[in-house]
Amino acid sequence: MQTVVLAAGEGSRMGALTEETPKPCLPVAGRPLVAHTLDAAVAAGASRFVVVVGCGAEQVRTALGDRHAGVPIEYCRQDEQRGTADAVLAARSQLVDAPFVVLNGDALYDTPSLSRVYDAVPSVGSYVAEDPTQYGVLTLEDGAPADAGNYEQALSWDGGSGAGRVVGVTEKPADPESNLVNAGAYTFPSRARDALDGIDESERGEFELTDLLEDLCRSGHVEAVPFARWIDVGRPWELLAANEWKLDELTTRVDGDVAAGATLDGPVVVESGATVHDGVTIEGPALIGAGASVGPNAFIRGATLVGPDAHIGHAVEIKNSVIGEGTNVAHLSYVGDSLLADDVNLGAGTVVANLRHDDAPVKLTVKGQRRSTGRRKFGAVIGRGVKTGINTSIDAGVTLSPSSQTGLGEAVTRDR
Ligand code: TTP
């Protein structure tokens, strides 16, 4: 089925990470985030892609090229980010007179559930979210059980098919009626292309696809297809979660050089041109990108991505983190549950805290507001080109914006 992929957004909630890299190009298990969206779509039945690009358009085009797993990709441009319905409008002239799927290009979807979205017209993917207030909450005809706590319960609706009829969507409600949310995966009938013209600007000042969905709900049966697994990568800790998911699917492959005195445990990929030196232990899942160098005597554990040409030096410990391309964590440093963009340089002895004394979830600033990451363990977000002085200590939940610097022995407790 023809599939529109929305990849024009600003990604402003990702803060320091998207100042120079568009969100669809952020690294997930060694590939751009949007490539994983397309993987799931191809497996679910996409026959042709129209990718809507805007912010960082050229980077997205370069990352995806003109085919994905044999499926042709066309592009269209949304110059101003005026909302998801406006993005589909930009793609409209490239759609043929047939049903079409729309996917958010910043989300990971489990393939079996996505296939069911492709099979049901019209339909929308749904997910049982822990915090529904950040999403569009779906109202089902028979009422989603207020205690809908998990996928198994969602599947038991409607006599076991898991497919309820959607009758409404409420964007980011303060007091949600259930925790069943819109997963940003839709199949629309052909006629929905014309209905795009009738969408008005929302209270939030955007033209929203959920309004098109509500139109369809009023005129017929829109099926809610429950997703077993879904991650909407909107905020930095969700990029960490996306990497955890996709790194976990790796199988061991060693194309680079691994010294006899190094130990690889669990799924570990060492790409061509990468070197793992003596005394290194890597407890996978982990991916060591092309040209990267690890060790000697380093310890990498948890789901960790070491980007291409990164350098992890002597006696460094990296746990459950994303390390960007060309980034240097030279020696005697600790990085846990953190996101480091490209070309960062951590001075020797830089240590990132990733746990609060009160064990409460670590908070991070997202668009000026402190938000819970929902994680007991979360470290720092470090933007491109940051340099830290030796023995810098960085508190949990701190963001360092691109190109910022710290001095010798500094304790960084606030964003900069
Ligand atoms: P959002 O995640 O709501 O927006 P965003 O990606 O711009 O992020 P932020 O809110 O942090 O600035 O968008 C959902 C998807 O729709 C995402 O894949 C980007 C895409 N999108 C567009 O293509 N055009 C748009 O005008 C908007 C608002 C989103």
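All of the points below concern the structure found in this document. (Residues numbered from 1 in each chain as written. Predicted model: local features only at pLDDT ≥ 70, side-chain atom pairs only at ≥ 80, totals over all residues. Heavy atoms only, no water.)

## Focus: the environment of Asn-391
Here is step 1: With respect to the helices, strands and loops of the structure, Asn-391 is situated in the loop between β36 (387-388) and β37 (393-394).
Here is step 2: Relative accessible area serves as the criterion here: at 47%, Asn-391 is assigned to the partly exposed category.
Here is step 3: A C-alpha to C-alpha distance of 27 Å links Asn-391 and Ala-262, two positions 129 residues apart in sequence.
Here is step 4: Apart from the residues lying within four places of it in its own chain, the contact partners of Asn-391 are Ala-348, Gly-349, Thr-350, Gly-409 and Glu-410. (Helix = DSSP H or I, 4+ residues; strand = E, 2+ residues; numbered from the N terminus. Buried < 20%, exposed > 50% of the residue type's maximum accessible area, 1.4 Å probe, protein only. Contact = heavy atoms within 4.5 Å.)

## Quick word on the environment of Val-101
Here is step 1: Its location among the elements puts Val-101 in strand β7 (residues 100-104).
Here is step 2: Val-101 sits 21 residues away from Pro-122 along the chain, and the two C-alpha atoms are 9.3 Å apart.
Here is step 3: If sequence neighbours within four positions are ignored, Val-101 has contacts with Met-1, Gln-2, Thr-3, Val-4, Tyr-118, Tyr-186 and Thr-187.

## Let's talk about the pairing of strand β13 (residues 222-226)
Here is step 1: With four of five residues buried, β13 is to be regarded as a mostly interior element.
Here is step 2: Note: strand β11 (residues 164-171) against β13, three bridges, orientation antiparallel. In the sheet register, Arg-165 faces β13, and the bridge partner there is Glu-223. (Pairing = 2+ DSSP bridges.)

## Observations regarding the site of the ligand
Here is step 1: Not every one of the 19 residues close to the ligand is listed here, only the nearest: Leu-6, Glu-10, Ser-12, Arg-13 and Gln-78.
Here is step 2: One of the backbone nitrogen or oxygen atoms of Gly-83 is found 2.9 Å away from an oxygen atom of the ligand.
Here is step 3: Protein chains shield 85% of the accessible area of the ligand, which is 570 Å² for the free molecule.
Here is step 4: For the shell around the ligand, the secondary structure elements donating two or more residues are β1 (2-7) and α3 (84-91).
Here is step 5: Across the shell around the ligand, the residue classes tally to four nonpolar, nine polar and six charged. (Near = heavy atom within 4 Å. Polar contact = N/O pair within 3.5 Å; in protein donor to acceptor, adjacent residues only side chain to side chain. Areas by Shrake-Rupley, 256 points an atom, 1.4 Å probe, with all protein chains shown as cover. Nonpolar A, V, L, I, M, F, W, Y, C, P; charged D, E, K, R; others polar.)

## Thoughts on the packing of aromatic side chains
Here is step 1: According to the stated counting rule, one finds five aromatic pairs in the structure shown.
Here is step 2: With 5.6 Å between their ring centres and 55 degrees between their planes, Tyr-109 and Phe-227 make a pair best called tilted. Taken as a pair, Tyr-109 in strand β8 (residues 107-109) and Phe-227 in the loop between β13 and β14 (230-232) lie far apart in primary sequence, 118 residues in all. Note on accessibility: Tyr-109 and Phe-227 belong to one class, buried. (Phe/Tyr/Trp six-rings, centres within 6.5 Å; stacked < 30°, edge-to-face > 60°.)

## Here's the deal with the state of the cysteines
Here is step 1: One pass over the structure, following the stated rule, counts zero disulfides.
Here is step 2: The thiol sulfur of Cys-55 is not disulfide-bonded, and the nearest other cysteine sulfur, from Cys-25, lies at 12 Å.
Here is step 3: Take Cys-55: its relative accessible area is 24%, and that puts it in the partly exposed class.
Here is step 4: No disulfide involves Cys-76; its nearest neighbouring cysteine sulfur is the one of Cys-55, lying 14 Å away. (Disulfide = S-S within 2.5 Å.)

## Considerations on the packing of helix α1 (residues 33-44) against helix α4 (residues 111-119)
Here is step 1: Here α1 crosses α4 at 60 degrees, and the two axes come no closer than 8 Å. Classified by the interaxial angle, the pair formed by α1 and α4 is oblique. The handedness of the crossing between α1 and α4 is right-handed. Side by side, α1 and α4 meet where Ala-40, Ala-41, Ala-43 and Ala-44 of the first sit next to Thr-111, Leu-114, Ser-115 and Tyr-118 of the second.
Here is step 2: Partitioned by chemical class, the residues of the contact of α1 with α4 number six nonpolar, two polar and no charged. (Axes fitted to C-alpha atoms, helices over the stretch in contact; angles between N-to-C directions. Parallel < 35°, antiparallel > 145°, perpendicular 65-115°, else oblique. Left-handed = near helix turned anticlockwise from the far one by under 90°.)

## Details of the nonpolar core
Here is step 1: By size, the foremost hydrophobic cluster in this structure holds 35 residues, and its most contacted members are Phe-49, Val-51, Leu-64, Tyr-109 and Leu-114.
Here is step 2: Tallying contributions element by element places α1 first for this core, with six residues.
Here is step 3: When sequence neighbours within four positions are dropped, the list of residues in contact with Phe-49 reads Thr-3, Val-5, Leu-38, Ala-41, Val-42, His-68, Val-71, Pro-72, Ile-73 and Glu-74.
Here is step 4: Ala-8, Phe-188, Ala-192 and Leu-196 belong to the second largest nonpolar core, which has 33 residues in total. (Core = buried A, V, L, I, M, F, W, Y, C linked by side-chain atoms within 4.5 Å.)

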